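# Structural overview for review
Each chain, letter by letter, is given below.
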Amino acid sequence: MGKGVAITGMGIISSIGNTVEENFQSLRQKTPGISKIEGISTIHKDHIKVGEIKISNENLSDLLNLPSSNNYSRTALLAEVAAKEALKNAGITNVNSYKTGLISATSVGGMDLTEKFFYSQFEEEENRKYIESHSAGDSSTKIANSLGITGFVSTISTACSSAANSIMLGARMIKAGKLDRVIVGGADCLSKFTINGFKTLMILSETNCKPFDANRTGLNLGEAAAFLVLESDACVKADNKNVLGYVSGYANANDAFHQTASSVDGEGATLAMKKALKVAGLSSVDIDYINAHGTATENNDASESAAIRRVFGDHLPKVSSTKAYTGHTLAAAAAIEAVYSILALQNNLIFPNLNFETPIKETNIIPETDLLQKDLQHVLSNSFGFGGNCSTLIFSKE
Amino acid sequence: MGNYYINGISCISAQESSDNELGLQNFVALTENVVPLQKPDYKKYIKPTMIRRMSVGVKMGVVASSIALQEANVEMPEAIITGSGMGCLRDSEKFLKNIIDNEEQFLTPTAFIQSTHNTVGAQIALGLGCKAYNVTYVHDATSFETSLLDAMMMFEEGEQNVLVGGVDEIGPYTTDLHKLVGHVKEEETLKNSLLKSKTKGAIYSEGSQFFVLGDKKKDNCYAQLKDVVIYNKLEQNEVAQKLEVFLKDNNLTISDIDVVVLGLNGDVDYDSYYTTLQNTLLANTTQVYYKHFSGEYNTASAFGMWTACTLIKSQKVPKNIQLNEIESGSIKNVVLYNQYRGENHSFVLLKSC
């Protein structure tokens, strides 16, 4: 169905690094970013481990040269750090030299502020500036204003698949000629809201998560932001841009099974992977590496494994989940893993699935546990969320 | 660009609006500063055992989508696209309040499970058994318009029927917060009509409107969706020029527009975005508004689109929404303009089918 959409820049901040380069080094050196939580006071602190970025909001604000009176949520701070790196990486100095849009994704938005000032906003006027920071759209608006984007700006929230849908929408808008250039990605910070939410669902691991392991113990939550710059072929040609890779396939399907659980046979995931292959004009044997959703919950890894078997049969590409490095960064996860997929393509490297020991008997998917050098042409990345939202992206070298 | 036909519509709101055939004739202007929805007959659309479990937003969305699908005679859409600025607000508030009041103890997962922004779209899919494309846009006042834009691209990619809509519910805690910063009108009961109130803030309300778009025109077609454009930021003096560009991109000029549907919400600080247009570019065009009936919510502009659809189909402009004296002849081209607090501007172009 035609060529993919060019990726010309990327930016990321996660618990394994504040830049693309730092993330790459941590991935190579098998250095995870999972720790005890420090930034949020929670009664669960001794019973969970998280992918926390050890930089305070104050320091992030300084990094962005924001006035101390700013009302940025942590989500917005992380988002702006990553979006700025992406723009710089793409060599864009005048954002309005082409028709440029921004599509972000978040699940918690400014929840960190709302929970912090839940009652004090009523009593103390100085805390009321955070009221407008709650909505999901707020962080996107802030980044757009900071970068000078006045045109198309939007935000997506489909739980843990959100950023995949923002990358997908951006690619489709470029293909449809609605935008020349678009910054796409997502951001989520840690919050008491999500920690307690996942805790009540009993899917938080007390220890380091073990994606695809038969004895997996649940997920580690994480916080992160990542953005890609996508550009039309005309922009790439006119500015002689360096292309990092292409978004060649994308799809979104719904499991229509349960509000929070994935179906046993991975129906939604199967549909998403098959449709993404079709959009990319590829067959399953063309995929060299799957960067799996692999959250390390009992349900996800079983369902995703079943879906991978349904799509790939016995011709399994290399598989790994990088969640054991970063934790599950919810709405940002697909953007984080898009950056990792592109790094994989650029360097012909497959990043290890940390902490894996024992295969799941039913599907027997054995992920890569060491850094592996391999010629890569096409990488498939999965992201699934509550509400049955299943999204697949395919990234290609050419 | 192809043709996209609006073959089914629905409106759940603070008015008795669930019967499309009645249109706006029985609507009553809202007079309080926070107005909840008029509950439709949930039993007609949702199993009694489910009604209790579903949040207001989910119920509104499920009913609204059912009405629109029935009207368009579509059983299974090829995409479900939902706009919801604040998502499932009540369950979010409930879970958060429990965390804080109970210091993270004694929590149950139900409210958390239903709190995600995409719950409505997910529940519609679950109810229909629809495994197709499903996405939720959550960008404040353009959540619904992004959904429309996505729907239009779906047709270019070969789909035939797309369910697209908006839903937002009132959250009592959030409303209280927004009262603190003057986003909600201070007077509990309006002394004057909305546009004469000359006070800050808007009437807060809730609702859900859904539309079934098809690549083929059906008998009950309301209108065609021709184009959508979104701006994150516009200065007041840029709006007229951007509207002209939008029309020009569609080979139209302002004289081709029979009716303009404006998102005036009675906020003295921001209605000038509309009045500037009304007094200049739109001076000779039939002007209508609707937020005296719908109130304000992030996806209230979907109520505006529902209004536009009904007046195109009936070829009549009801007096209770008209802003000026200019009579429209036959209603062929209708343009909608909306913004909220000076941000998130959108133009939508509809044409008779």
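Residues numbered from 1 in each chain as written. Chains lettered and ligands numbered in written order. Predicted model: local features only at pLDDT ≥ 70, side-chain atom pairs only at ≥ 80, totals over all residues.

### Quick notes on the overall build of chain B
What counts is decided by this rule: Helix numbering and strand numbering both begin at the N terminus, where a helix is a DSSP run of H or I of at least 4 residues and a strand a DSSP run of E of at least 2. The size measure is the radius of gyration over C-alpha atoms, and the globule rule it meets is 2.2 Å times the number of residues to the 0.38 power. Around each residue's C-beta, the other C-beta atoms within 10 Å are counted; 20 or more make the residue buried, 12 or fewer make it exposed, and counts in between make it partly exposed. All C-beta atoms are placed from the backbone. The contact criterion used here is simple: two residues whose C-beta atoms, placed from the backbone, lie within 7 Å are in contact.
A tally of helices and strands in chain B yields eleven helices and ten strands. Relative to the 2.2 N^0.38 estimate, which gives 20 Å for 353 residues, the radius of gyration of chain B is 19 Å and therefore close to what a compact globule would have. Across its three principal axes, chain B shows a C-alpha extent of roughly 60 × 45 × 35 Å. Classification of the 353 residues of chain B by burial places 58% in the buried group. If you take every contact in chain B between residues at least 6 apart in sequence, the share linking residues at least 24 apart comes to 80%.

### Some thoughts on the domain arrangement of chain B
Residues and elements named next belong to chain B. Keep this limit in mind: Segmentation into domains, and thus their bounds, comes from an automatic or database assignment. Three classes are used: nonpolar for Ala, Val, Leu, Ile, Met, Phe, Trp, Tyr, Cys and Pro, charged for Asp, Glu, Lys and Arg, and polar for all others, with Gly counted as polar.
As assigned here, chain B comprises domain 1 (4-214) and domain 2 (223-351). Its C-alpha centre places domain 1 at a distance of 21 Å from the equivalent point of domain 2. With 51 residues of domain 1 in contact, the opposing surface of domain 2 contributes 38 residues. If you tally residues by element for the side of domain 1 that touches domain 2, the top one is helix H6 (residues 143-156), at seven residues. Looking at the side of domain 1 that touches domain 2, its residues break down into 24 nonpolar, 21 polar and six charged.

### Here's the deal with helix H11 (residues 301-314) of chain B
Convention followed: Helix span, expected: 1.5 Å multiplied by one less than the number of residues in the helix.
The terminal C-alpha atoms of H11(B) lie 20 Å apart, and with 14 residues this matches the ideal 20 Å at 1.5 Å per residue to within 8%. Burial within H11(B) is extensive, with 13 of its 14 residues counted as buried.

### Describing the domain arrangement of chain A
Residues and elements named next belong to chain A. Assigned domains within chain A: domain 1 (5-238) and domain 2 (246-396). When each unit is reduced to the centre of its C-alpha atoms, the spacing between domain 1 and domain 2 is 21 Å. In this assembly, 64 residues from domain 1 lie in contact with 55 residues from domain 2. At the level of secondary structure, the elements contributing two or more residues to the side of domain 1 that touches domain 2 comprise strand E1 (5-13), helix H1 (20-28), strand E2 (50-51), helix H7 (162-175), strand E5 (181-188), strand E6 (221-222) and strand E7 (224-231). Sort the elements by how many residues they give to the side of domain 1 that touches domain 2 and H7 lands first, with seven residues. Among the residues making up the side of domain 1 that touches domain 2, the classes are represented as 35 nonpolar, 22 polar and seven charged.

### What to know about the nonpolar core
Note the following rule: Note on terminology: a nonpolar core is any set of buried Ala, Val, Leu, Ile, Met, Phe, Trp, Tyr and Cys residues joined through C-beta atoms within 7 Å.
Ranked by size, the top nonpolar core spans 240 residues in total, and within it A:Ala82 and A:Ile167 carry the most contacts. If one sorts the elements of this core by residue count, helix H13 (residues 333-347) of chain A sits on top with eleven residues. Those residues in contact with A:Ala82, other than ones at most four positions away along the chain, are A:Gly11, A:Ile12, A:Ile13, A:Gly185, A:Ala187, A:Ala225, A:Ala226 and A:Phe227. Grouped together as the second largest cluster of nonpolar side chains are five residues, A:Leu113, A:Tyr130, A:Ile131 and B:Leu177 included.

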